Amino acid sequence: MAKIGQDIDYAARLLTKGGLVAIPTETVYGLAANALDTDAVVKIFAAKNRPSFDPLIVHVDAAEKLERYVAYVPEAASKLANTFWPGPLTMLLKKRETIPDVVTSGLDTVGIRCPNHSLTQDLLAKLPFPLAAPSANPFGYISPTTAQHVNDQLGDQVEYILDGGPCRVGIESTIVGFDDTMPIIYRAGGINQADIEAIVGPVEERLSNNSNPLAPGQLDSHYAPKKKLRISSLKDIRAKSNDRNIGILLFKSSDIDSDTALVLSPKGDLNEAAANLFSMLRELDQMDVDLILVEPAPDHGIGKAINDRLHRAAAKG
């Protein structure tokens, strides 16, 4: 198993030598390597068993560093960075040649963001290079929101886990690209579409691309537990709630009383539900059940990102 701690200097030394370090962000834990070191980045793909056609996100500690790694920053991108960074927003921009093709899966664009977590901010500020960091889990499985989640799954693949506590947002970043001047959402996430539109005007959604993803999180099957998962209405869940072979994930409290039922947010708070989503899916996946039934969240705000993750998790079955 990996060593867990909060030693930023130690993490920086490992990364400088081409090693892998798991890092905390406000969204999920990332499996990080020097984004400018091709050999180090290849280790990420190997550790996660991630297909080479699925690009990675590059992390920086300040918007001012954008122009080191991207060729052009549209006005809309500058507005979004000034508004939401540091925070759960990734922007897909034309890359400079300093970013290796392995990071972008051969695409001429790179996803780049500034995470809102003090430990990782301090780590990035110490490093003379950005960090490539997808979620720190085996490819396609539930994303990790604690250091222990990382250790349980990738403890033998990573040298150090920087422990920043539970992730505050719990859902991956929203990914926005630009087609000429039109902003496009490629992945729903921690920043709501309405908040983005308030800054840059109307945006388009292109959330799925199973054969040639332009950004992480676009594959139909993703974020999935090992158990089969099905999205169901509360009425259908209630009818099957006495079956002890079925795990249940409810959005908010109801009259369902089952030892295998978990509630994302007793009061129906979308932000609380997002923060609990992946950890509760893991808990249900470890129960002695054959099927997980999930009540969807209200489909607005960050609820759209929650439901996006649930639909992709259900696609596996």
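Above this note sits the structure.
Conventions adopted
The written sequence of each chain sets the order in which its residues are numbered from 1. With the structure being a predicted model, the display of local features is reserved for residues of pLDDT at least 70 and the display and counting of side-chain atom pairs for 80 or more, all residues being used for whole-chain, interface and lining totals. Hydrogens and waters are ignored; side-chain quantities use all the structure's heavy atoms. Any two strands between which DSSP finds at least two bridges are classified as paired. Runs of H or I in DSSP of at least four residues are treated as helices and runs of E of at least two as strands, each being numbered from the N terminus. We call two residues in contact whenever any of their non-hydrogen atoms come within 4.5 Å of each other. Structural elements are reduced to axes, namely lines fitted to C-alpha atoms, with helices fitted over the stretch in contact, and the angle between N-to-C directions of any two is expressed from 0 to 180 degrees. Three exposure classes are used, based on accessible area relative to the maximum for each residue type with a 1.4 Å probe and protein chains only: buried under 20%, partly exposed in between, and exposed over 50%. The arc refers to the directions leading from the helix axis to the C-beta atoms. Of the two site types, the cavity is a set of points on a 1 Å grid over the protein atoms alone where a 1.4 Å probe fits but cannot get out, and the pocket is an open set with protein on both sides within 12 Å along at least five of seven lines, each lined by residues with an atom within 4 Å of a point. Grid points are joined across faces, edges and corners, and a volume is the space filled by probe spheres set on the points. The residue classification treats Ala, Val, Leu, Ile, Met, Phe, Trp, Tyr, Cys and Pro as nonpolar and Asp, Glu, Lys and Arg as charged. All others, Gly included, are polar. What is meant by a nonpolar core is a set of buried Ala, Val, Leu, Ile, Met, Phe, Trp, Tyr and Cys residues, joined one to another through side-chain atoms within 4.5 Å. Definition of a polar contact: a pair of N or O atoms within 3.5 Å, with one able to donate and the other able to accept a hydrogen when the atoms are protein atoms, and with sequence-neighbouring residues admitted only if both atoms are side-chain atoms.

(A) The arrangement of the sheet that holds strand β9 (residues 174–179) in detail. Ordered by their spatial adjacency, eleven strands build an open sheet running β1-β8-β2-β3-β7-β4-β6-β5-β9-β10-β11, and the pairing between neighbours is mixed. Each having just a single partner strand, β1 (3–5) and β11 (204–205) make up the two edges of the open sheet. Bridge count for strand β5 (residues 89–94) against β9 is three bridges, and the pairing is parallel. The residue bridging Thr90 from the neighbouring strand is Ile175, located in β9. This element, helix α2 (residues 38–48), spans β3 (30–34) and β7 (131–132) of the sheet and lies at about 155° to β3.

(B) Quick peek at the environment of Leu264. With respect to the helices and strands, Leu264 occurs in the loop between β14 (261–263) and α10 (270–285). A relative accessible area of 1% means that Leu264 is categorised as buried. A C-alpha to C-alpha distance of 20 Å links Leu264 and Ala147, two positions 117 residues apart in sequence. The contact partners of Leu264, leaving out residues within four places of it in the chain, are Leu249, Leu250, Phe251, Glu272, Ala273, Asn276, Leu277 and Met280.

(C) The arrangement of helix α4 (residues 75–84) in detail. Within α4, burial applies to Ala76, Ala77, Leu80, Ala81 and Phe84. Buried residues of α4 fall within an arc of 135° about the axis and therefore sit on the same side. Facing away from the buried side of α4 by more than 90 degrees, the exposed set consists of Glu75 and Asn82. On its buried face, α4 is in contact with β5, β9 and α8 (193–200).

(D) Expanded view of the layout of surface pockets. In this structure, the largest pocket occupies an estimated 290 Å³ of space. What lines the largest pocket is a set of 15 residues, among which Leu92, Lys94, Thr109, Phe178 and Asp179 lie closest to the centre. Those elements that place two or more of their residues in the lining of the largest pocket are β5, β9 and β10 (182–187). Looking at the lining of the largest pocket residue by residue, the classes come out as nine nonpolar, two polar and four charged.

(E) Structural context of the pairing of β10. Of all six residues in β10, five are buried; the element is thus mostly enclosed. Relative to β10, β9 runs antiparallel, the two being bridged by five bridges. Across the sheet, Ile175 pairs through a bridge with Arg187, a residue of β10. The hairpin formed by β9 and β10 contains two residues between the paired strands, and Asp180 there has a positive phi angle of roughly 60°. Bridge analysis of β10 against β11 gives two bridges, and the strand direction is parallel. Each bridged residue has a counterpart across the sheet, and for Ile184 the counterpart in β11 is Glu204.

(F) Here's a closer look at the nonpolar core. One finds Leu80, Trp85, Leu89, Met91, Ile112 and Ile196 to be the most contacted residues of the largest nonpolar core, which totals 48 residues. If we skip the residues at most four places from it in the chain, Ile196 touches Leu80, Phe84, Leu89, Thr174, Val176, Ile185, Ile191, Gly201 and Val203. Within the second largest apolar cluster, 31 residues are counted, among which are Ile142, Ala224, Ile292 and Leu310.

(G) Here's a closer look at the side chain of Thr260. Tracing the sequence through the fold places Thr260 in the loop between β13 (246–250) and β14. When its relative accessible area of 12% is taken as the criterion, Thr260 is described as buried. Here Ser258 takes part through its side chain, which lies 3.1 Å from a polar atom of the side chain of Thr260. Beyond its immediate chain neighbours, meaning those up to four positions away, Thr260 contacts Arg244, Ile246, Gly247, Ile248, Leu284, Met287 and Val289.

(H) Molecular detail of the sheet that holds strand β15 (residues 291–294). Pairing within the open sheet is parallel, and its four strands lie in the order β12-β15-β13-β14. Of all strands in the sheet, those with a lone pairing partner are β12 (228–231) and β14, marking the two edges. Strand-to-strand twist of the sheet, defined as the mean angle between neighbouring strand axes without regard to direction, takes the value 20°. Looking at chain direction, β13 and β15 are connected through four bridges and run parallel. Within β15, the residue paired with Ile248 across the bridge is Leu293. Against the sheet, α10 makes contact with β12, β13, β14 and β15, and its axis sits at roughly 165° relative to β13, the strand it touches most. Across the face of the sheet, helix α11 (residues 303–315) comes into contact with β12 and β15 while running at roughly 135° to β12.

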